Amino acid sequence: MTQDSTDTGNCVSATPFECSSDDNGLSCQDNKRAKTSLRVTYVHSEELKCKTNELIRIEKRAELVHSLIRVYGLLQYVELLEPRHAEESEILGFHCSDYINCLRGIGSCSDSEEISDKLSSEAEGYGLSYDCPQQTGVFETASLISGATITAAESLLNGSADIAINWYGGWHHAKRDSASGFCYINDIVLGILKLREKYDRVLYVDLDLHHGDGVEEAFEMTSKVMTVSFHKFSTGFFPGSGSLESVGTGRGKFYTVNVPLKDGIKDAEFYGVFCRVMKTVQEKFPGQAVVVQCGADSLSDDPMASFNLTHVGLAKCVCFLLSWNLPTLLLGGGGYNFPNTAKCWTFLTALAARRKLPMDIPEHEHLLEYGPGYDLSTSVGNRKDCNSHEYLSHVVTTVCST
Ligand SMILES: CC1(C)CN(C2CCCC2)C(=O)N1c1ccccc1/C=C/C(=O)NO
Ligand SMILES: [Zn+2]
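Quick notes on the rules
Residues numbered from 1 in each chain as written. Chains lettered and ligands numbered in written order. Predicted model: local features only at pLDDT ≥ 70, side-chain atom pairs only at ≥ 80, totals over all residues. Heavy atoms only, no water. Helix = DSSP H or I, 4+ residues; strand = E, 2+ residues; numbered from the N terminus. Buried < 20%, exposed > 50% of the residue type's maximum accessible area, 1.4 Å probe, protein only. Contact = heavy atoms within 4.5 Å. Areas by Shrake-Rupley, 256 points an atom, 1.4 Å probe, with all protein chains shown as cover. Near = heavy atom within 4 Å. Nonpolar A, V, L, I, M, F, W, Y, C, P; charged D, E, K, R; others polar. Pairing = 2+ DSSP bridges. Salt bridge = Lys/Arg side-chain N within 4 Å of Asp/Glu carboxyl O. pLDDT = per-residue confidence, 0-100. Expected span 1.5 Å × (residues − 1). Donors = N, O, S within 2.8 Å, 3.2 Å for Na, K, Ca; no water. Tetrahedral: all angles 85-135°; square planar, octahedral: opposite > 155°, others 65-115°. Core = buried A, V, L, I, M, F, W, Y, C linked by side-chain atoms within 4.5 Å. Phe/Tyr/Trp six-rings, centres within 6.5 Å; stacked < 30°, edge-to-face > 60°. Lys NZ or Arg CZ within 6 Å of the ring centre and 35° of its normal. Axes fitted to C-alpha atoms, helices over the stretch in contact; angles between N-to-C directions. Parallel < 35°, antiparallel > 145°, perpendicular 65-115°, else oblique. Left-handed = near helix turned anticlockwise from the far one by under 90°.

1. As for the overall build of the chain
Within the chain one finds 13 helices and ten strands. Each of the 402 residues in the chain was classed as buried or not, and the buried ones make up 61%. In the chain, of all internal contacts separated by at least 6 residues, the share reaching a separation of at least 24 is 78%. Carbon and sulfur atoms make up 50% of the accessible area of the chain, which amounts to about 15200 Å² in all.

2. Looking at the site of ligand 1
Residues in contact with ligand 1 amount to 13 residues; listed here are only the nearest, H172, H173, D208, D297 and Y336. Taken by itself ligand 1 offers 540 Å² of open surface, and the protein chains cover 77% of this. Of the residues in the shell around ligand 1, the class split is five nonpolar, four polar and four charged.

3. Topic: the pairing of strand 3 (residues 40-43)
Along strand 3, one buried face is formed by V40 and Y42 and the opposite face, lined by T41 and V43, is buried too. Two elements, strand 3 and strand 5 (residues 163-166), share three bridges in a ladder whose sense is parallel. Directly across from V40, in strand 5, lies its bridge partner I163. Of the strand pairs in this sheet, strand 3 and strand 4 (residues 79-81) are connected by three bridges, and their pairing is parallel. Paired with Y42 across the bridge in strand 4 is L80.

4. Points about the pattern of salt bridges
Scanning the entire structure with this criterion turns up 15 salt bridges. Across the pair R39 and D162 runs a salt bridge whose closest N-O atoms are separated by 3.1 Å. Residue R39 is found in the loop between strand 2 (27-30) and strand 3, and its partner D162 is found in the loop between helix 7 (138-157) and strand 5; the two are separated by 123 residues along the sequence. Given the relative accessible area of 22%, D162 is considered partly exposed. Salt bridges here are not isolated pairs; linked through shared partners, they connect R84, E90, E154, K194 and E197.

5. As for the confidence of the model for the chain
Do not read the predicted coordinates in detail wherever pLDDT is low. Looking at the chain as a whole, the pLDDT averages 90, with 87% of positions reaching at least 70. Confidence, read as mean pLDDT per element, is least for strand 2 in the chain (48) and greatest for strand 9 (residues 289-293) (99). Note that residues 20-25 has pLDDT below 50 and, in this model, 22 contacts with residues that lie over four places away or in other chains. A low-confidence stretch, residues 29-35 (pLDDT under 50), is modelled with 13 contacts involving residues beyond four sequence positions or located in other chains.

6. Description of the environment of M226
Structurally, M226 is set in strand 7 (residues 225-232). For the pair M226 and V43, spaced 183 residues apart in sequence, the C-alpha to C-alpha distance is 25 Å. Apart from residues lying up to four places away in sequence, M226 is in contact with V202, L203, Y204, F254, Y255, V257, V281 and F285.

7. Some remarks on helix 10 (residues 267-284)
Compared with the 26 Å implied by 1.5 Å per residue over 18 residues, the 25 Å span of helix 10 between its first and last C-alpha is a close match. Within helix 10 the residues assigned to the buried category are D267, F270, Y271, G272, V273, F274, C275, V277, M278, T280 and V281. Elements that come into contact with the buried residues of helix 10 comprise strand 6 (202-206), strand 7, strand 8 (256-261), helix 11 (311-322) and helix 13 (389-401).

8. Examining the coordination of the zinc ion (ligand 2)
The protein atoms donating to the zinc ion (ligand 2) are D208 (OD), H210 (ND1) and D297 (OD), with metal-donor distances spanning 1.9 to 2.1 Å. Angles of 30 to 159° at the metal separate the six donor atoms of the zinc ion (ligand 2), which places the site in the irregular class. Each donor residue of the zinc ion (ligand 2) lies on the same chain, and together they follow the pattern D-x1-H-x86-D. Taken together, the residues H210 in the loop between strand 6 and helix 9 (213-219) and D297 in the loop between strand 9 and helix 11 connect sequence positions 87 residues apart. Just as H210 is buried, D297 falls in that class too.

9. A closer look at the nonpolar core
Within the largest apolar cluster, 127 residues are counted, with the highest numbers of intra-cluster contacts made by F230, F274 and M278. The element contributing the most residues to this core is helix 7, with eleven residues.

10. Re the packing of aromatic side chains
All chains considered together, the criterion is met by twelve aromatic pairs. A network of ring pairs unites the aromatic residues F230, F270, Y271, F274, F307, F320 and W324 as a single cluster. The ring of F139 carries R104 above its face, with NZ or CZ at 4.7 Å from the centroid. R355 extends its terminal NZ or CZ atom over the ring of Y77, reaching a point 3.8 Å from the ring centre.

11. Digging into the sheet that holds strand 3
The strand order across the open sheet formed by eight strands is 4-3-5-10-9-6-7-8, and the pairing between neighbours is parallel. Each of the sheet's edge strands pairs with one partner strand only, and the pair in question is strand 4 and strand 8. Sheet twist, expressed as the average angle between the axes of neighbouring strands with direction ignored, equals 15°. Helix 12 (residues 338-353) contacts strand 3, strand 5 and strand 10 (328-331) of the sheet and is inclined by roughly 165° relative to strand 5.

12. Details of the packing of helix 2 (residues 61-71) against helix 12
Here helix 2 crosses helix 12 at 40°, and the two axes come no closer than 8 Å. Comparing the axis directions of helix 2 and helix 12 gives the class oblique. As for how helix 2 packs across helix 12, the hand of that crossing is right-handed. Where helix 2 abuts helix 12, its residues R61, L64, V65, L68 and I69 lie against F338, P339, T341, A342, K343, W345, T346 and T349. Its residues assigned to classes, the contact of helix 2 with helix 12 shows eight nonpolar, three polar and two charged.

Here it is in C-alpha cells:
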C-alpha cells in the first residue's frame, strides 16, 4: 500500500484508537493493549443479500461484498445479525403514506409490463421513474434493507455492540415523499430516528461521492442531528445540493455542514480536509452516536470517475471517527466498481474488528473478479486534482468558522 497513513495533513486522531500504518497500509490499533476489542455486529441474511443483488444497477454487488468478508474469515470476529423488515410504523416515521402506498403498489407488480401499465403520472410524481427504475419487489427489498439498518442501530441501543455494520444500507437520497437517485426508502433516516430513541445528539457523516441530500433534508431543522456531507459539488452533478452556504434552518441552523469538493481529490487532501472539519464538528457538536455512510463511488476506479481516493483514504476517515469510541453505525451506499467496493467495505469491516488482512485475495468463487492484481489494493489514478490549495483552504475556513 503506497498510502502513508501517517500523512494526516497536520491532524491526528488523539485517543485510544491509533490509525497506524502496517503491511495493510492502515489498521486502527487500540494503544491500550489490555482493552478488549470492540463488539461488532454485522447485519446479513441470504434473503437480504439476494434481494439486494437483484437491484438494477448494483446487480451482484452484495454477493461480492459478503463473499469477500466471508473468505477473509472476518465473520468469526463479528456477531452476525439477521435483519427484520422495517415496520410500517417505522417507515411512516419519516416517509409519507401516499408515497409508500404507491411504492408498495409498484413493487407488487409481477412484471415490467404490469408495472408500465401501473406507471401513472402519480407514480412519476413520487420520483418512481427515470433514476428510480420500477422494479418488481422493490418495496419488499427496500423495507428489508431498512429493517437491516434499524436492526444494526438497535444493537447499538441495547448495548450489545459498539460498532454495527449494514453494507446493504446507505440509501441517502430518498425523500419523505419521493424516491430519488436510485433510493426508495431512506434507511439512514430510519436508523438515526431509532438511535434518537436513546441518544439526544446523533452525528451523521456522509463519505459518498454524492451529497447526502435526503438525510440532510430530514434533519435540517433540528439541532439534535448534525449532518456532515463530503461530496462532489459541480454544475449539473446529481443531486445539485450541498453547497457551502447550505447550513440548515430554524433550530437546525448551523447543524447542517456541507463540504463541496471538485474532481480529482486524493487521499491526503481529502483526509486533511476531513479531519480539520471533523475536529471542529467534535468541538461544536459532541454527538453521542455516529452514523457513517461509506459510499465507495468516491474511489478512483469507480465508473463515476470523479474523486481519486483509495480505500485507505476512506478507511482513515472511518478510523478517525472510530477513535472517538462512540456507538458507531457503518452503512454502504454508492459504489459501482463492484470488486473495489467489496475490497473497501471488507477493509472497513476488518478495521472495525481490528483484524489485519493479508494483501492477497483468498481463493474463492469470485476470485477472477479481482484480476489482474488479485490483491486488496485499489489504485490511484492520474486524474488532475481540480481542488486548488486555495479552494480547499476556503472551504475548510468557511466550514470551521460557521
Ligand atoms: C443509477 C445510478 C445509481 C448508477 N449510476 C452510474 C454509476 C456507474 C454507471 C451508472 C448513476 O449515476 N446512478 C444515478 C443515476 C441518477 C441519479 C443518481 C445516481 C447515483 C446516485 C448515487 O450513487 N448516490 O450516492
Ligand atoms: Zn453516490
